[in-house]
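# Examining the three-dimensional arrangement
Here is how the chains run, residue by residue.
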There are 2 protein chains.
Amino acid sequence: MTLTLTTLPDVPLVSPGDDLGGFLIAAIERAGIVPQTRDILVVAQKVVSKAEGRFVDLRQVVPSARAEKLAVAVDKDPRLVEVILSQSTEVVAHRRGAIVVAHKLGFVMANAGVDQSNVDQTDGDTNVLLLPEDPDGWCEALRQRLLAHFDVEMAVVMNDSFGRAWRHGTVGVAIGTAGLPALLDCVGEPDLFGRKLRITQIGLADEVAAAASLLMGQAAEGQPAVLMRGLSWSRPPVPASTLIRAKAEDMFR
Amino acid sequence: MTLTLTTLPDVPLVSPGDDLGGFLIAAIERAGIVPQTRDILVVAQKVVSKAEGRFVDLRQVVPSARAEKLAVAVDKDPRLVEVILSQSTEVVAHRRGAIVVAHKLGFVMANAGVDQSNVDQTDGDTNVLLLPEDPDGWCEALRQRLLAHFDVEMAVVMNDSFGRAWRHGTVGVAIGTAGLPALLDCVGEPDLFGRKLRITQIGLADEVAAAASLLMGQAAEGQPAVLMRGLSWSRPPVPASTLIRAKAEDMFR
């Protein structure tokens, strides 16, 4: 069995309002790639956010008293903390330099995914970028568009880089998916010796996201899209939101 | 840029004392693979543990009072809990069905990696399998052997499947590495617009481990080894132990 991951070359830099789906389809065709069923197109969150115009200019932000107080504790710009809190339902943990929140979309992540890097700060250091509005929905819309254009059932994953509890380093994580089982349920399948029923669930889309992240590196806009070929699965699609552990079941918040 | 991941076909089932390194070299040669510099051989933890004979027969285990008490709380076999505690320095969290510990090797993980699945339980349901003695050391020894045999500087990753805080599903994680920067330090590199110095560290070996896990699936002994080709890096090797966050720096224990 072989998996291949290929960067899509020459995807243009994305600006608000750009037709990112069209850019990706054009890049696939320019590269001479003929899509196949179950090809997975992995797209970096950052370019989706840019296409959606998810910028906030910190000069327009007035921090709340809560943001001011937290900003002192974590040693960050109170306006940035205000934006982070506006995207969150809960502060899970914080310390100097770090805020871990539950994002409104459910993800437990640093800084609510609010990003200051690789943003073209032509007016100074004040633009930040939020997560896309609806990552699963965006992936499904792109999946349908790819199906309409190529007449092939592809899958789509939107990835981001998350830090982890207990481990150093960020890894690619799926924040949106369409057309594949983001969470792969192996409950009830026999093990290698046929004796036990497994109770395992695999974070399949997170593994896809991590693999693609190896090629995107951190210059996610330089290599914003990766095509994975060769993966198979035998379960129906479920979206990336199924990867999120509900608070009531969570030992770590 | 392209990454390829290929399963090594026909690696024999492994028993205690088997020469797993020899099995892997033979499988590479049988498959007609000519190793190249920076090829990464990813090997599943389970087969290394088996080759090292890291079995414990629960019938030989006498649970301590502490294990008996915790076993009631988590609804597990007290002998299994005793084994888990024997491999651990700290219980980080527990609830019915789950114990998260700090393993003696440093990893924060469920059940100290003590595994009851895919173990050939010919004497009934009593054999469990511990993590290898020294995953980074094992990887380095294999790396040196591959270098001696093929005269090529390959890298080695040992992967396992870990659950995560806040997210459902296991993902492949690197518990041992050699020959690559397990934690890739991008501190000080300019971003895409050349304006900012990044403060990012990437869990490179974890992303490699996750990618390989897609091909190994959960029947890790069926597909215990994957060769990744095409990844490049510009930092010196550091072992997988550098991925572990020290307790003093950890917000989640």
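Presented here is an overview of the structure given in this document. Because the structure is a prediction, the values reported are computed rather than measured. (Residues numbered from 1 in each chain as written. Chains lettered and ligands numbered in written order. Predicted model: local features only at pLDDT ≥ 70, side-chain atom pairs only at ≥ 80, totals over all residues. Heavy atoms only, no water.)

## Re the nonpolar core
Ranked by internal contacts, the top residues of the largest apolar core, which has 58 residues, are Ile-40 of chain A together with Ile-40 of chain B. Every residue in contact with Ile-40 of chain A, bar those within four places of it in the chain, is listed here: Ala-155, Val-157, Leu-180, Val-208, Val-226, Leu-227, Met-228, Leu-231 and Trp-233 of chain A. (Core = buried A, V, L, I, M, F, W, Y, C linked by side-chain atoms within 4.5 Å. Buried < 20%, exposed > 50% of the residue type's maximum accessible area, 1.4 Å probe, protein only. Contact = heavy atoms within 4.5 Å.)

## A short note on the sheet that holds strand β5 (residues 98-103) of chain B
All names here are of chain B. If you walk across this open sheet you meet the 3 strands as β4-β5-β6, and the pairing is antiparallel. Two strands close off the open sheet at either side, each with one partner strand: β4 (88-95) and β6 (108-110). Geometrically, the sheet is characterised by an average inter-axis angle of 25° between neighbouring strands, direction not taken into account. By the bridge criterion, 6 bridges tie β4 to β5 in an arrangement that is antiparallel. Paired with Val-91 across the bridge in β5 is Val-101. Packed on one face of the sheet, helix α3 (residues 65-74) meets β4 and β5 and runs near 30° to β4. Sheet strands touched by helix α4 (residues 78-86): β4 and β5. Its angle to β4, the strand with the most contacts, is close to 130°. (Pairing = 2+ DSSP bridges. Helix = DSSP H or I, 4+ residues; strand = E, 2+ residues; numbered from the N terminus. Axes fitted to C-alpha atoms, helices over the stretch in contact; angles between N-to-C directions.)

## With respect to the environment of Pro-78 of chain A
All names here are of chain A. As for its placement among the helices and strands, Pro-78 is situated in helix α4 (residues 78-86). For Pro-78, a relative accessible area of 25% translates into the label partly exposed. C-alpha separation for the pair Pro-78 and Asp-39, spaced 39 residues apart in sequence, amounts to 43 Å. For Pro-78, the residues in contact, after removing those within four places along its chain, are Pro-63, Ala-67, Glu-68 and Ala-71.

## A word on α4 of chain B
A turn of α-helix holds 3.6 residues, and therefore any two residues three or four places apart point the same way. Among the residues making up α4 of chain B, those that are buried are Leu-80, Val-81, Glu-82, Val-83, Ile-84 and Leu-85 of chain B. Each element contacted by the buried residues of α4 of chain B is listed here: β3 (55-57), α3, β4, β5 and β7 (127-129) of chain B.

## Side note on the pattern of salt bridges
Scanning the model with the defined rule gives 28 salt bridges over all chains in all. Glu-140 of chain B is the salt-bridge partner of Arg-143 of chain B, the closest N and O atoms lying 3.0 Å from each other. Residue Arg-143 of chain B and its partner Glu-140 of chain B are located together in helix α5 (residues 135-150), separated by 3 residues, close to a single helical turn. Assessed through its relative accessible area of 14%, Arg-143 of chain B is described here as buried. Classification of Glu-140 of chain B by relative accessible area gives partly exposed; the value is 26%. Connected via shared salt-bridge partners are Glu-90, Lys-247, Asp-250 and Arg-253 of chain A. (Salt bridge = Lys/Arg side-chain N within 4 Å of Asp/Glu carboxyl O.)

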